[in-house]
Amino acid sequence: MLRALCGLTLAASVASAETHHFKPTVGHPTFAVRPPVLTVKPGDVLESESLWGEWYEKAGGKWPGEVGPIAIEGAEPGDTLVVEMLKIRPNRDTAVSTQGGRFGALVPDGGTAMLNDMFPRGRYVWRIDRARMTGTVDLPGSTMKSIAVPLQPMLGRVAVAPEGDMSFDGLWPGRFGGNMDASDVREGTTVYLPVFHPGALFYFGDGHALMGDGEVCGSGLETSMDVTFRFGLLKKKTIAWPRFEDAEHLMVAGSARPLSDALRIAFVELIDWLVADYGFEKADAYQLVSQVAVIRVANMVDPLYTVVAKLPKRFLPARSAGTGAGASPGVRLGDMPWTDAEGILTPDRVVVLPLGAGAKEHGPHLTLGNDLILAEYEAARLVAARPVALLPTLSYGHYPSFVEYPGTVSLSADTQKDVVVEICRSIARYGPRRFYVLNTGVSTVPPLQAAAAELAREGILMRFTDPLAAGKAAEDAVRQQKWGTHADELETSMILYMKPSAVRMDRAVADGERVRPGPLTRDRRRTDRTYSPSGVFGDPTLATWQKGEKITEATVAAILKEIDALAATPLVRR
């Protein structure tokens, strides 16, 4: 709800919003009140980077410090600063992780007396493939001499200037944020911080290309980041501890020692959030979080430990579109009871049905649920941008080209057509007559054409995405592979942009002899199909997240244009 409320604060300033480009040259060792390096307005976007320094270059080097402070015009004590994490991406080809000595969760630290020797100091230098979003490290003492893993970039430190005249070393987390080392602070997350001073005085730094829960060795894959933030304010909205929100969870970060106190802070503040903003009675909220909440031990190495308490948003009360401060442009029908849906399903509402395979082969480097990732990412973008009613994703479809590969599920063309027709008919009886199928497959196009024709005879308009057309200009502009349409350079690039942790680039192979673009076969003797032992048709080794960004943004823009055209199409009464 905080994110939605921010929209009210930003509405008046969006027309005058600016994008600022700031290249920092000086880092600060503490979070404290000092003159701002930049002043922005609510609604403004900042493109910048975290600092690189000798710490990354050599053992014992000096830490470069944090970027800031950045003042937000109009911020006053008692307000809440809103920072949307629009982009967090490594901008160097190496990352460093140090361990041992007296710093880490599994070694005796300065505050815990132990008789055992210090763990040997170590410094691992990871090789970062920024395009493919992988990190590779040598393991010289092990049977497996190296390993490559998908990256999940984050910021370890986001903060405002602490209360009063307090100054905290960069290693400290607290009510002001600071070195929380919470891997939830990544692209797609909105961070809420309490404001203690005019301007809020925002700091950031400590980029991690990847970090496991707890940061147990004392460091993640430390490197510098290109970042993009959008700032907002919640006026006269006071929070006690940092809060986060993404598409799936409400989260609160609590920092203390012992770890149990950090957990208590996080959960008490999460309960208070539910009471203040979501209509829960305190005892009821206590019961709910006790049964459905999850926790992340963000760090157990800093001067104060950090725990993030997370409540799945599917357990929050549904809201109707266009009502209340928490209203968003679109709504998810699956998140509301029928009594709310009744007011949503009007004749002028466009209903969106995402269609993406939850079980369909995509080579050795992508998951069987690859198309589901595509569909649900694009669906989230639609519901955030247009007043559509979003149906749950249909995760089964007509995919005959891939049935030789275990795990693939394919419906017949007739079944695919009938399922879509019946879904649209079911909702049309309540009022809507315009439907858009957010389609992520190629073989699903003919059944969808047949479904559209059948529905048209009943006065129901249905349109759908043609994935070979949406975003085609962007695909042509970035394409390097000679051929390919499946688990290839383009599709893999999109997933690297949407969800890099779902891609295993170390397993990517170029495959698919160019007989014709499908169906695929693992049987070399067949001449009626494209031979591909891997299930790939194209060259995913050429994939980069930068290509994926261009393709995805062009595709989303094309889909939004189609939604707008559908909404403006007159209905033919039958």
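See the structure shown above.
Thresholds, definitions, all that
Residues numbered from 1 in each chain as written. Predicted model: local features only at pLDDT ≥ 70, side-chain atom pairs only at ≥ 80, totals over all residues. Heavy atoms only, no water. Helix = DSSP H or I, 4+ residues; strand = E, 2+ residues; numbered from the N terminus. Buried < 20%, exposed > 50% of the residue type's maximum accessible area, 1.4 Å probe, protein only. Contact = heavy atoms within 4.5 Å. Areas by Shrake-Rupley, 256 points an atom, 1.4 Å probe, with all protein chains shown as cover. Lys, Arg positive; Asp, Glu negative; His and termini not counted. Charge placed at Lys NZ, Arg CZ, Asp CG, Glu CD. Axes fitted to C-alpha atoms, helices over the stretch in contact; angles between N-to-C directions. Parallel < 35°, antiparallel > 145°, perpendicular 65-115°, else oblique. Nonpolar A, V, L, I, M, F, W, Y, C, P; charged D, E, K, R; others polar. Salt bridge = Lys/Arg side-chain N within 4 Å of Asp/Glu carboxyl O. Pairing = 2+ DSSP bridges. Phe/Tyr/Trp six-rings, centres within 6.5 Å; stacked < 30°, edge-to-face > 60°. Lys NZ or Arg CZ within 6 Å of the ring centre and 35° of its normal.

**Student:** Looking at this structure, I do not really get the overall build of the protein. What am I missing?
**Tutor:** Along the backbone of the protein there are 11 helices and 28 strands. If you line up the protein on its principal axes, its C-alpha atoms span 75 × 55 × 45 Å. Out of the 574 residues in the protein, the part that is buried amounts to 54%. Taking the intrachain contacts of the protein between residues at least 6 apart in sequence as the baseline, contacts between residues at least 24 apart amount to 75%. Within the structure as shown, the protein displays about 24,300 Å² of accessible surface, and the carbon and sulfur contribution to it stands at 55%. Mean positive and mean negative side-chain charge positions of the protein (62 and 67 charges, respectively) differ by 3 Å.

**Student:** Help me understand the packing of helix H10 (residues 489-498) against helix H11 (residues 545-568), please; the structure alone is not making it clear to me.
**Tutor:** When two helices pack together, you describe them by how their axes are tilted relative to each other and by the distance separating the axes. Interaxial distance between H10 and H11 falls to 7 Å at its minimum, and their mutual angle equals 90°. Between H10 and H11, the angle is such that the two are roughly perpendicular. Packed against H10, whose contacting residues are Glu489, Leu490, Ser493, Met494, Leu496, Tyr497 and Met498, the element H11 presents Trp545, Lys547, Gly548, Glu549, Ile551, Thr552, Glu553 and Thr555 at the interface. Here the residues of the contact of H10 with H11 sort into seven nonpolar, four polar and four charged.

**Student:** Mind showing me how you'd approach the pattern of salt bridges here?
**Tutor:** Close approach of charged atoms lets side chains of opposite charge pair. Taken as a whole and judged by the stated rule, the model has 34 salt bridges. Notably, a salt bridge pairs Asp371 with Lys360, separated by 2.7 Å at the nearest N-O pair. Remark: Lys360 occurs in the loop between strand S23 (350-355) and helix H6 (370-385) and Asp371 occurs in helix H6; sequence separation between them is 11 residues. For Lys360, a relative accessible area of 5% gives the class buried. The salt bridge partner of Arg526 is Glu404, with a shortest N-O separation of 3.4 Å. Of this pair, Arg526 sits in the loop between strand S27 (520-521) and strand S28 (530-531) while Glu404 is found in the loop between strand S24 (389-390) and helix H7 (413-428), placing the two residues 122 residues apart along the sequence. On the basis of relative accessible area, Arg526 is assigned to the partly exposed category, the value being 30%. Put simply, Lys417, Asp418, Glu422, Arg425, Glu454 and Glu458 are held in one network by salt bridges that share partners.

**Student:** Can you walk me through the sheet that holds strand S7 (residues 94-101) in this structure?
**Tutor:** Paired through their backbone hydrogen bonds, the strands of a sheet run either parallel or antiparallel. Strand order across the open sheet formed by four strands is S7-S8-S9-S10, with antiparallel pairing between neighbours. Every other strand in the sheet has two partners, leaving S7 and strand S10 (146-150) as the edge strands with one partner each. Adjacent strand axes in the sheet meet at a mean angle of 25° when their direction is disregarded.

**Student:** I'm lost on unusual backbone geometry in this one. Help?
**Tutor:** Phi is mostly negative for residues that are not glycine, and the peptide bonds are mostly trans. For the peptide bond that leads from Gly68 to Pro69, omega is -5°, which places it in the cis range. Among the structural elements, Pro69 can be located in strand S5 (residues 67-72). Cis geometry is adopted by the peptide bond preceding Pro258, which originates at Arg257 and carries an omega value of 5°. Mapped onto the elements of the fold, Pro258 is located in the loop between strand S19 (249-256) and helix H3 (259-278). Residue Met133 is not a glycine yet carries a positive backbone phi of 60°. With respect to the helices and strands, the residue Met133 is situated in the loop between strand S8 (119-129) and strand S9 (134-138).

**Student:** I tried to follow the pairing of strand S11 (residues 154-160) on my own but got confused; where do I start?
**Tutor:** One face of the sheet, then the other: side chains in a regular strand alternate in exactly this way. Of all seven residues in S11, seven are buried; the element is thus mostly enclosed. Here three bridges tie S11 to strand S14 (residues 177-179), and the two strands are oriented antiparallel to one another. Opposite Val158, over in S14, you have Gly178 as the bridge partner.

**Student:** Help me understand the sheet that holds strand S16 (residues 202-208) in this model?
**Tutor:** Taken in spatial order, the six strands line up as S3-S5-S16-S11-S14-S13 in an open sheet, and their pairing is mixed. The sheet terminates laterally at strand S3 (38-40) and strand S13 (173-174), the two strands that pair on one side only.

**Student:** Explanation requested: the packing of aromatic side chains in the structure shown.
**Tutor:** We describe a pair of aromatic rings using the distance from one ring centre to the other and the angle between the two ring planes. Considering all chains together, one arrives at 15 aromatic pairs under this definition. Measuring from centroid to centroid gives 6.0 Å for Phe168 and Trp172, while their planes differ by 55°, and the two rings are tilted. The structure contains a cluster of three or more aromatic residues connected by ring pairs, namely Phe31, Phe168, Trp172, Phe176 and Tyr203. Above the ring of Trp545, the side-chain terminus of Arg89 is found at 4.2 Å from the ring centroid.

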